[in-house]
Amino acid sequence: MREVRTRFAPSPTGFLHVGGAYSALLDFAFARKNKGKFIVRIEDTDAKRYVEGAEEVIFEGLEWLGIKIDESPKIGGPFGPYRQSERCEIYQKYARELVKRGGAYYCFCSEEKLEKVRMEKVKIGLPPMYDKKCRFLPKEEAEKRAKKEKFVIRLKVPENEKIVVPEPIRGDIVFDSNTIDDQVLLKSDGFPTYHLAVVVDDHLMEITHAVRGEEWLPSAPKHFLLYRYFGWEPPLYFHAPTIRNPDRTKLSKRKGHTALSWYRQQGYLPEALINFLCLLGWSHPEGKEVFDLEEFIRFFDLKDLSPIGPIFDIRKLDWLNGVYLRKKTDDELLQLIKEFAPENAESTLINKTTPLIKERIAKLSDYPVIAGFFFREPEIRKELFEKNAKEELSAAVEVLEKIEDWNKENIEKSLQGLTKERGWQNGEFFMNFRVAITGSRVTPPITDSVEILGKEKTLKRLHNFLEP
Ligand code: GLU
């Protein structure tokens, strides 16, 4: 039995897509489950897409999620280099070998000529495929020209053949070879295309299983042809379904949040996000919704993945995040909240307010929204008040001023006593009180809140309202 080796092969485009993090999670979990290795390979051969610092973003994201890497460009390993831009000679060697074996050929067509061919095909309703002109050049002539002229190397796709791609979660998929282009494998600048690089690397790095996005499924026959021409055994490629918005459109920047870093900035906990991702295309055999990565690793198998596009329901993530936040001790939560508290917030005030909001926040960035009023005086918005606010709150000032021992019970007793004595409706009175203190109609319990806020600040806010 070969050691299980899985890999995540992101292109450094500037951010880690949640869909990418999802594939990485599946690869990682499967490797761990089988006591194998999880590799990260950086696919950076498309210089046009290169973004400074993008690699770091990927590693930071994986680390934050708790995905541990066994081999990568950062930590090295026995199959390096793990950055494709450092492996160009390897791809060039294999591309030339393929030409020798008759599985690929040199192509000398200029960009202008190719564009013309594509346009002509489109005009008559055909797919914009290469017309295979150079495929039929005599071998010696092609070799000779390759010494002097610019060339690309193209895959020789057989004609009139059914190419079968075994896909473990979808079954065999059959492609008609006549619909497959003679794909460029090596570009004229000596860089490989994804198709050549992925096959060579997955083979040389002894990858046994790989999860990648389903957008790669149409390219799979090209890869299987390459494996066949090289005489190599392909790994099992699992094509993870594209994550969708609740309206079934592809998760896009506009509708959902695609960058993993957004979730971190919003104060989602990594353990909640991991739990959420685990549930996307898989369900726990005992129907559990809340479980950790270790438990996922124990029960999960790649073959149980569903091929149906999972829905990214952020409300479910909010719920899960709340569950994980409430599992934290007050102290742990306090440390997390500190990063999200308003600037210059007094730490004693953060300490006191944390238990109060624990039950009320879905994510850490809710803290300044829900507890912001503790740190700054509210804006007075008349439209938020009920009737009789002036009369009620000036009476409230009088009774509150008399309280010597400022605690929730005494505050409650005084205010209740007041409403009873004057025959005011509690609901109306406390809404006015709440809005004057907080600037909002929805807040944590108001008497708890004013106890924390303190007598002086409470009275100051009431005065602000009464004498603006
Ligand atoms: N570099 C490819 C991407 O970022 C990887 C596809 C694969 O995993 O094979 O989409």
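Residues numbered from 1 in each chain as written. Predicted model: local features only at pLDDT ≥ 70, side-chain atom pairs only at ≥ 80, totals over all residues. Heavy atoms only, no water.

**Student:** Just give me the short version of the sheet that holds strand β4 (residues 152-155), but keep the residues and values in it.
**Tutor:** The strand order across the open sheet built from three strands is β3-β4-β7, with neighbouring strands paired in antiparallel fashion. Lying at the two open borders of the sheet, with one neighbouring strand each, are β3 (104-107) and β7 (184-186). Along the sheet, successive strands turn relative to each other by an average axial angle of 45°, direction set aside. Where β3 meets β4, four bridges bridge the pair, whose relative direction is antiparallel. Of the residues in β4, the one forming a bridge with Tyr105 is Arg154. In this fold helix α3 (residues 88-101) packs onto β3, β4 and β7, with an angle of close to 105° to the strand it touches most, β3. (Pairing = 2+ DSSP bridges. Helix = DSSP H or I, 4+ residues; strand = E, 2+ residues; numbered from the N terminus. Axes fitted to C-alpha atoms, helices over the stretch in contact; angles between N-to-C directions. Contact = heavy atoms within 4.5 Å.)

**Student:** Provide a residue-level description of the site of the ligand, including the pertinent values.
**Tutor:** Close contacts around the ligand come from Arg7, Ala9, Pro10, Ser11, Glu43, Tyr194, Val198, Arg212 and Trp216, and that covers them all. Within the side chain of Arg7, an N or O atom sits 2.5 Å from an oxygen atom of the ligand. One of the side-chain N or O atoms of Trp216 is found 3.2 Å from an oxygen atom in the ligand. (Near = heavy atom within 4 Å. Polar contact = N/O pair within 3.5 Å; in protein donor to acceptor, adjacent residues only side chain to side chain.)

**Student:** Mind laying out the nonpolar core, listing which residues take part and the relevant values?
**Tutor:** In terms of nonpolar packing, the biggest core is built from 98 residues, with Leu273, Phe296, Phe300, Leu393, Leu400, Phe433 and Leu462 touching the most fellow members. If you tally residues by element for this core, the top one is helix α1 (residues 18-33), at 10 residues. Setting aside residues no more than four positions away along its own chain, Leu462 makes contact with Leu393, Val397, Leu400, Phe433, Ala436 and Ile437. Of all hydrophobic cores here, the second largest spans 48 residues; its members include Tyr82, Cys107, Tyr194 and Phe224. (Core = buried A, V, L, I, M, F, W, Y, C linked by side-chain atoms within 4.5 Å. Buried < 20%, exposed > 50% of the residue type's maximum accessible area, 1.4 Å probe, protein only.)

**Student:** Residue-level account of the packing of helix α16 (residues 408-422) against helix α17 (residues 426-438), with values.
**Tutor:** Packing of α16 against α17 leaves a shortest axis separation of 10 Å and a crossing angle of 130°. Taken together, the axes of α16 and α17 are oblique relative to one another. Viewed along their axes, α16 and α17 form a crossing whose handedness is right-handed. Side by side, α16 and α17 meet where Leu415, Gln416, Leu418 and Thr419 of the first sit next to Asn426, Phe429, Phe430 and Phe433 of the second. For the contact of α16 with α17, the class distribution of residues is five nonpolar, three polar and no charged. (Parallel < 35°, antiparallel > 145°, perpendicular 65-115°, else oblique. Left-handed = near helix turned anticlockwise from the far one by under 90°. Nonpolar A, V, L, I, M, F, W, Y, C, P; charged D, E, K, R; others polar.)

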